[in-house]
Amino acid sequence: MSKAKAALLFGSLSVMLVSVVGCGSNASNAGDSAGASSGASSGSGKITLTVTSSMTDEARVNIMNETIKIFNQTHPNVTIQYSPNPWSEYAQSLKLAFNSGSGQDIVYVDDTMQQMLQKNNYLMDITEDVKSRGWIDKEVDGAIDFQNARTPGKYYSVPYATAPVVVYYNKDIFSKLNLTAPKTMDEFNAILAKVKEAGYVPMENGGMSNNSKMWSVFHMLYNQAPMDDIKKFYFQQGITPEFEKAFVAALNQVNDWQKSGYYRKEDASIDGAAVPTYYAKGQSAMVLGGNWDIPTYEGTNVPTGAFAFPQQDANSQTHPIVNATDGGWALNAKLSDEKKQAALDFIDTFMNPDVVKLWYEGGSTPTIKADMSGAQASDLKKEVDQAIQGTQMGFFLDNAVPGLFDIINKQLQMMFFQKNTPEQAWEEIKKEYDKLSAAAQGQ
């Protein structure tokens, strides 16, 4: 399959994901891992597999523990040592672990991390295993190819969920101000102004990481730039004039929001992980977040709804949003055959309907084909699913090349402190993108 064909999956793998799905764990050192992975198990036939991800929130840790229990029902001789790391530290922790020869046996990787590890031959090619185990048929069409789009025809990781980003909103504030979910950017901007005038905080962000601002920029790019140009950027094939124009326009919009006071005055000092705490005060109207945040926002006791980031034009025939495969399970290239088979069986557990149900009810949007008609979903989970109906999947564009997230975040921070203009910020992003792309391609 050519890279161009792989890129087409961007449009074909859409929100049908929603309609389709309608005790061995303990903390451990990541060091006891695949550096010694070739030395698999003891003579007793017992196997220990080290597993890591960035899923550190209590809700998903609990679901992971339940998943491990189900795995252990058929694999009582395998001990899963699950040691997640916070998202802010995760990529660096993977890099350090694998560079030192102590990489974990099973790792959860997004596109950027997969690029980083696969480039250094740290990940196992599991193409034939994916095919022989029938995983392509068990997943929604295109999901595995989407996750491995940079290596057409070769599979290094297997996804089990997508990660749509939506706008969460305070229903009480919307009700008091007689507001409804916006369909267009004009309506969205009108809501921001009305909320500000009423004395509320229009949007939360968390300026130490700027996820909300960054995702807003990406959504506006999907609104304004041709999809082919976005794919070229993502696959390190260059920047077109149309893409550049749209990116600068999106940065200007975010800058205007900042100048208008639509974010907290102290936003630059707020960590992204603290955003739900500020939202829980009940004075914030909106915040961008992923479906993985559903349990968190439910726990704030603020009546919360969700809508898709609005389009530029209500009559547009397409509505792409930031929503890619959340990541995929990958194997350390040094695993012995015995450990490899146990690790593949662990991945297969995520395709068990009972496990799919666990993750679905916990807020995830599974990529696995399963009948979820009897699943118990929360009201907010249902609203998120409804919000993304009719939308199409879009990349997390900071994954275009390793290191790009930090570059964009830095420039958004510079804009906040008025150290540069949106145009200057773009020039720095563009310059660093070119450098990082050349490095990623070995130039």
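For the protein, an unreviewed UniProt entry supplies the name Carbohydrate ABC transporter substrate-binding protein and the organism Cohnella nanjingensis.

Participant: Help me out: how do you make sense of the overall build of the protein in this one?
Facilitator: Along the protein, the regular secondary structure elements total 20 helices and twelve strands. Within the protein, buried positions represent 55% of all 443 residues. If you sum the accessible surface of the protein, you get close to 17,800 Å²; carbon and sulfur atoms cover 48% of it.

Participant: Teacher, can you tell me more about unusual backbone geometry here?
Facilitator: Both trends apply: most residues other than glycine have a negative phi, and most peptide bonds are in trans. Notably, asparagine 178 is not glycine yet its phi reads approximately 60°, a positive angle. Mapped onto the elements, asparagine 178 comes out in the loop between helix H9 (171-176) and helix H10 (185-197). We note that glutamine 418 has phi near 55°; this positive angle belongs to a residue other than glycine. Examined against the element boundaries, glutamine 418 turns out to sit in the loop between helix H19 (404-416) and helix H20 (422-440). Taking relative accessible area as the criterion, glutamine 418 reaches 68% and is therefore assigned exposed.

Participant: Would you mind showing me how to read the packing of H19 against H20 here?
Facilitator: Two numbers describe a pair of packed helices, the interaxial angle and the distance between the axes. H20 packs onto H19 with a crossing angle of 165° between their chain directions and a minimal axis gap of 10 Å. The pairing of H19 with H20 is recorded here as roughly antiparallel in orientation. In this structure, H19 meets H20 at a crossing whose hand is right-handed. For the pair H19 and H20, contact is made by Leu404, Ile407, Ile408, Gln411 and Met415 and by Pro422, Ala425, Glu428, Ile429, Glu432, Tyr433 and Leu436, respectively. Looking at side-chain class alone, the contact of H19 with H20 contains nine nonpolar, one polar and two charged residues.

Participant: What is the right way to read the nonpolar core from this model?
Facilitator: One broad trend across soluble globular proteins is that nonpolar side chains are buried collectively. Judged by nonpolar contacts, the single largest core of 61 residues is most densely connected at Trp257 and Met286. The element that contributes the greatest number of residues to this core is helix H13 (residues 241-259), accounting for eight residues. Residues contacting methionine 286, with those up to four places away along its chain left out, are Val167, Tyr168, Tyr169, Phe174, Phe188, Ile191, Leu192, Pro202, Met203, Glu204 and Phe307. Ranked by size, the runner-up nonpolar core spans 53 residues in total, among them Ile70, Val78, Val158 and Leu344.

Scoring rules and cut-offs
Within any chain, residue numbers begin from 1 and follow the written order of that chain's sequence. For a predicted model such as this one, the threshold for reporting local features is a pLDDT of at least 70, and the threshold for listing and counting side-chain atom pairs is 80 or more; totals across whole chains, interfaces and linings nevertheless cover every residue. By convention in this description, side-chain values take in all heavy atoms of the structure and omit both hydrogens and water. Under the DSSP-based scheme used, a helix requires at least four consecutive residues in state H or I and a strand at least two consecutive residues in state E, with every element numbered from the N terminus. The classification of residues rests on relative accessible area computed with a 1.4 Å probe and restricted to protein chains. Under 20% of the type maximum is buried, over 50% is exposed, and intermediate values are partly exposed. Note on areas: Shrake-Rupley with a 1.4 Å probe; residue coverage comes only from the protein chains shown. Lines fitted to the C-alpha atoms define the axes, with helices restricted to the stretch that makes contact. Angles between their N-to-C directions range from 0 to 180 degrees. Throughout this description, any angle smaller than 35 degrees is read as roughly parallel, any larger than 145 degrees as roughly antiparallel, any in the 65 to 115 degree range as roughly perpendicular, and the remainder as oblique. Throughout, a crossing is termed right-handed when the near helix is turned clockwise from the far one, and left-handed when it is turned anticlockwise from it by less than a right angle. By definition in these notes, contact holds between two residues if any of their heavy atoms fall within 4.5 Å. In the scheme used here, Gly and all other residues not listed as nonpolar or charged are polar, with Ala, Val, Leu, Ile, Met, Phe, Trp, Tyr, Cys and Pro taken as nonpolar and Asp, Glu, Lys and Arg as charged. Here the nonpolar core consists of buried residues drawn from Ala, Val, Leu, Ile, Met, Phe, Trp, Tyr and Cys, with membership extended through side-chain atoms lying within 4.5 Å.

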